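# Architecture and fold: a report
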Amino acid sequence: AKESYAVEAYSLEIDCSWRLIVNDDMDAITRTPQGFGTAASRTVDTAAWSVVTANPTMGDGIALFSAASGVRKRSNLTTGAGAPAVSTVQTLRNLMMQMRGENTPEGNEGDDILGLMPRYIVGPSALATTIEQLINSIADPASSNAGVYNNTRNLIPIIVPRLDASSTTAWYLFASPSEIDTIEVTFLQGQETPVVRERMDESKWSQCFKVVQTFASKAMNHRGIQKHAGA
């Protein structure tokens, strides 16, 4: 069950010539530090969600999202057609709630039912309208009876356009990080935001900009995440 990783430093540097500085009528150089910082923040976001789409192998030798196999006694991967709906959310919620703790020393499934509850519903921008209509409807959108309660309204929707590059149909349920670890993003202490520095090179009469961001992302536990392939 052990998962380990280390933070890494990422940096980018550009050098603006004296001619470019003099001809900067559009203030492009002035906006460079802000652009660097914004791009670095996107890099962190991309790295975090890449853990989800890459489906990496966990410490138990099984992929992050997998059907019950080997030491993995419970599934957190549902395949086949199934857009976000009250019925499909219920299927994934039940799978999450029935997750067990660590296996026994003999390798058998433990009897510790975790009772995890999904807190977030995550999907690509292709499913944004579907998810938003589902979460914001008082009644079940799939029912012709307006009195049928929509019990998915307590979920918090998160739309991630980066997921579309991997799949436009896959969506996920995440438990609250206060209940269990899921995907962890870690920063070097004191560098939770990108660090941008600039300096003048007097020998070349040029201006240099450099951005540094130190972070890492890692899947820590499969039990708090459920994936529906949606197709």
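As a reminder, the structure under discussion sits directly above these lines.
All figures in this text were calculated on a predicted structure; none of them were measured in a lab.

### Describing the side chain of Thr182
Mapped onto the elements of the fold, Thr182 is located in the loop between strand E5 (171-175) and strand E6 (183-187). Discounting chain neighbours no more than four positions away, the residues touching Thr182 are Phe174, Ala175, Lys218, Ala219, Met220, Asn221, Gly224 and Ile225.

### A short note on the packing of aromatic side chains
With the rule as written, the count across this model stands at 5 aromatic pairs. Feature note: the residues Trp49, Phe65, Tyr172 and Phe174 constitute an aromatic cluster, connected by ring pairs.

### As for the pattern of salt bridges
Per the stated rule, a full pass over the model turns up 6 salt bridges. Where Glu3 meets Lys218, a salt bridge forms, and the shortest distance between an N and an O atom there is 2.6 Å. Of this pair, Glu3 sits in the segment before strand E1 (8-16) while Lys218 sits in strand E8 (residues 206-219); the two residues are 215 residues apart in sequence, bridging distant segments of the chain. Owing to a relative accessible area of 17%, Glu3 belongs among the buried residues under this scheme.

### Focus on the sheet that holds E5
Taken in spatial order, the 5 strands make up an open sheet running E2-E9-E5-E3-E4, and their pairing is mixed. At either end of the open sheet lies a strand with only one pairing partner, and these are strand E2 (77-78) and strand E4 (156-159). With 4 bridges joining them, E5 and strand E9 (residues 225-228) adopt antiparallel strand pairing. Bridge pairing in E9 places Trp171 opposite His228. Across the sheet, helix H3 (residues 86-97) touches E2, strand E3 (118-123), E5 and E9, and the angle it forms with E5 is around 40°.

Reading guide: rules and limits
- Residues numbered from 1 in each chain as written.
- Predicted model: local features only at pLDDT ≥ 70, side-chain atom pairs only at ≥ 80, totals over all residues.
- Heavy atoms only, no water.
- Helix = DSSP H or I, 4+ residues; strand = E, 2+ residues; numbered from the N terminus.
- Contact = heavy atoms within 4.5 Å.
- Phe/Tyr/Trp six-rings, centres within 6.5 Å; stacked < 30°, edge-to-face > 60°.
- Salt bridge = Lys/Arg side-chain N within 4 Å of Asp/Glu carboxyl O.
- Buried < 20%, exposed > 50% of the residue type's maximum accessible area, 1.4 Å probe, protein only.
- Pairing = 2+ DSSP bridges.
- Axes fitted to C-alpha atoms, helices over the stretch in contact; angles between N-to-C directions.

So yeah, pure geometry; function would need other evidence.
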